[in-house]
Amino acid sequence: MDQATAQMRPEESGRIAAFGIDLGGTKIAAGLVGADGTVLASASAPTPATEGAEAVLDAVAGLVAGLLAAPEAAGLRILGLGLGAAGVIDAGSARVLSATDTILHWAGTDLAEGLYTRTGLEVRAVNDVHAHGLGEAWCGAAAGSANALLLAVGTGIGGSHLLGGVPQTGAHHVGGHMGHFASPLATGVRCSCGRTGHLEAIAAGPAIHRNYLRLGGDPYVADTRELTALAHAGDLLAIQTLRTGGRAAGIAAGSLANILDPELIVLSGGMAGAGDLWWDAVREGFAAEAIDPLQELELVPATLGNDAALIGAAGLFLAPLTPKDPTCS
């Protein structure tokens, strides 16, 4: 943050904004975000993942150009472009250190240089789940918390530990890989990382569906969404596998709370919308694992929905200027 920005007068803050980008393997979502966390204008496009990193950066720049031309951008001072991106991201240099092959040639991409060249904007970047956590800590469920933990349970599992609203990325920039926390309910089950026994192998959405099929479930149940509906209709095996996944997530949340001692835990991702069967199991798992002083710790759903990561990405520029306020979005 430059000195001029740090000394900005309160009456000027309403005229500033930043771009927030949520860059995943299938979709790029972009938003022009105001100083109070409001998404002023947004756009999205498919990620040209098979065309490589340069095509992906071109797509991001195209979305930014479109938003710059929007009426909502008139008269705003744009501080920069914040990015929540897939992969292991060095937040200091905005470089992709490592990544899967979901986006071709993504590892090694210099996001700061590539996007500055295309847009003329300063670029800051974090992993996409850290961006999600930053959004919730700035304007969402964890607003006002000095020490918050986000656990995102969806297609995969990730998370973010935020101190004073700042994601803790660790010495090797891999902090937040909570899906690879050991789970007693996943013993012997292969994880996406190639190892066995990790939380993601039993609690992620696709893993819950795989577990259902492995235990003899109906092969015509196509995915976890259908399984969840079946569970709420009373199917015992669907209930069992949904609850196993939820309980595993809760045990992990309890173990992490024992180590990190957060003020609250925010749960997000697709499974957080799975209803009371899942949430009850999460809370049971948490209660079984958390030590006594943490038994009253709140586990709450995220509140920013699909905008969380782009709001958080914009917050890389804006959050230090705006007091944390649960109503800021």
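No experiment lies behind these values; they were computed from the predicted model shown.

Participant: Where do I start with the overall build of the protein in this structure?
Facilitator: The helix and strand tally for the protein stands at 10 helices and 12 strands. For the protein, the spread of C-alpha atoms along the principal axes amounts to about 60 × 45 × 40 Å. Buried residues in the protein amount to 52% of all 329 residues. Excluding contacts between residues fewer than 6 apart, the proportion of contacts in the protein whose partners are at least 24 apart in sequence is 64%. Here the protein displays about 14100 Å² of accessible surface, and carbon together with sulfur accounts for 53% of that area.

Participant: Please explain unusual backbone geometry as it appears in this structure.
Facilitator: Note on backbone geometry: most residues besides glycine have negative phi, and most peptide bonds are trans. Here His173, not a glycine, exhibits a phi torsion of approximately 70 degrees, which is positive. In this fold, His173 is placed in the loop between strand 10 (166-167) and helix 5 (200-203). His173 gets classed as partly exposed once you look at its relative accessible area, which sits at 23%. For Asp261, which is not glycine, the phi torsion reads 50 degrees and is therefore positive. Within the secondary structure, Asp261 sits in the loop between helix 8 (236-260) and strand 11 (264-268).

Participant: Would you explain the sheet that holds strand 1 (residues 16-23) in this entry?
Facilitator: Here 5 strands make up an open sheet; going across it, the order is 3-2-1-4-7 and the pairing mixed. The strands lining the two open edges of the sheet, one partner per strand, are strand 3 (39-46) and strand 7 (123-127). Strand-to-strand twist in this sheet, taken as the mean axis angle between neighbours without regard to direction, amounts to 20 degrees. Each of strand 1, strand 2 (27-34), strand 4 (77-85) and strand 7 touches helix 4 (residues 128-139); the most contacted strand, strand 7, lies at about 100 degrees to it.

Participant: Sorry, what's going on with the sheet that holds strand 9 (residues 157-163) here?
Facilitator: Neighbouring strands of a sheet are bound in pairs by backbone hydrogen bonds; such pairs are parallel or else antiparallel. Taken in spatial order, the 5 strands of this open sheet run 10-9-8-11-12, and their pairing is mixed. The sheet terminates laterally at strand 10 and strand 12 (298-301), the two strands that pair on one side only. As paired elements, strand 8 (residues 147-153) and strand 9 share 7 bridges and run antiparallel to each other. Following the sheet pairing, Asn147 is matched in strand 9 by Leu163. Strands strand 8, strand 9, strand 10 and strand 11 of the sheet are contacted by helix 4, whose axis makes an angle of about 45 degrees with strand 9. Along the sheet, helix 9 (residues 276-289) contacts strand 8, strand 11 and strand 12; its crossing angle with strand 12, the most-contacted strand, is approximately 155 degrees.

Participant: I'm lost on the pattern of salt bridges in this one. Help?
Facilitator: Between side chains of opposite charge, pairing is possible as soon as their charged atoms come close. Taken as a whole, this structure holds 5 salt bridges when the rule is applied. Salt-bridge contacts for Asp58 lead to Arg118; the nearest nitrogen and oxygen are separated by 2.7 Å. Highlighted residues: Asp58 in helix 2 (residues 53-68) and Arg118 in helix 3 (residues 111-119), separated in sequence by 60 residues. A residue is classified by how much of its surface remains accessible, and Asp58, at 45% relative accessible area, is partly exposed. With a shortest N-O distance of 2.6 Å, Arg243 and Glu284 are connected by a salt bridge.

Participant: Can you help me understand the pairing of strand 7 in this one?
Facilitator: Looking along a regular strand, one sees side chains alternate from face to face of the sheet. With respect to burial, strand 7 is a largely interior element, 4 of its 5 residues being buried. Relative to strand 7, strand 4 runs parallel, the two sharing 5 bridges. Counterpart to Leu81 in the pairing with strand 7 is Val123.

Procedures and definitions
Residues numbered from 1 in each chain as written. Predicted model: local features only at pLDDT ≥ 70, side-chain atom pairs only at ≥ 80, totals over all residues. Heavy atoms only, no water. Helix = DSSP H or I, 4+ residues; strand = E, 2+ residues; numbered from the N terminus. Buried < 20%, exposed > 50% of the residue type's maximum accessible area, 1.4 Å probe, protein only. Contact = heavy atoms within 4.5 Å. Areas by Shrake-Rupley, 256 points an atom, 1.4 Å probe, with all protein chains shown as cover. Pairing = 2+ DSSP bridges. Axes fitted to C-alpha atoms, helices over the stretch in contact; angles between N-to-C directions. Salt bridge = Lys/Arg side-chain N within 4 Å of Asp/Glu carboxyl O.

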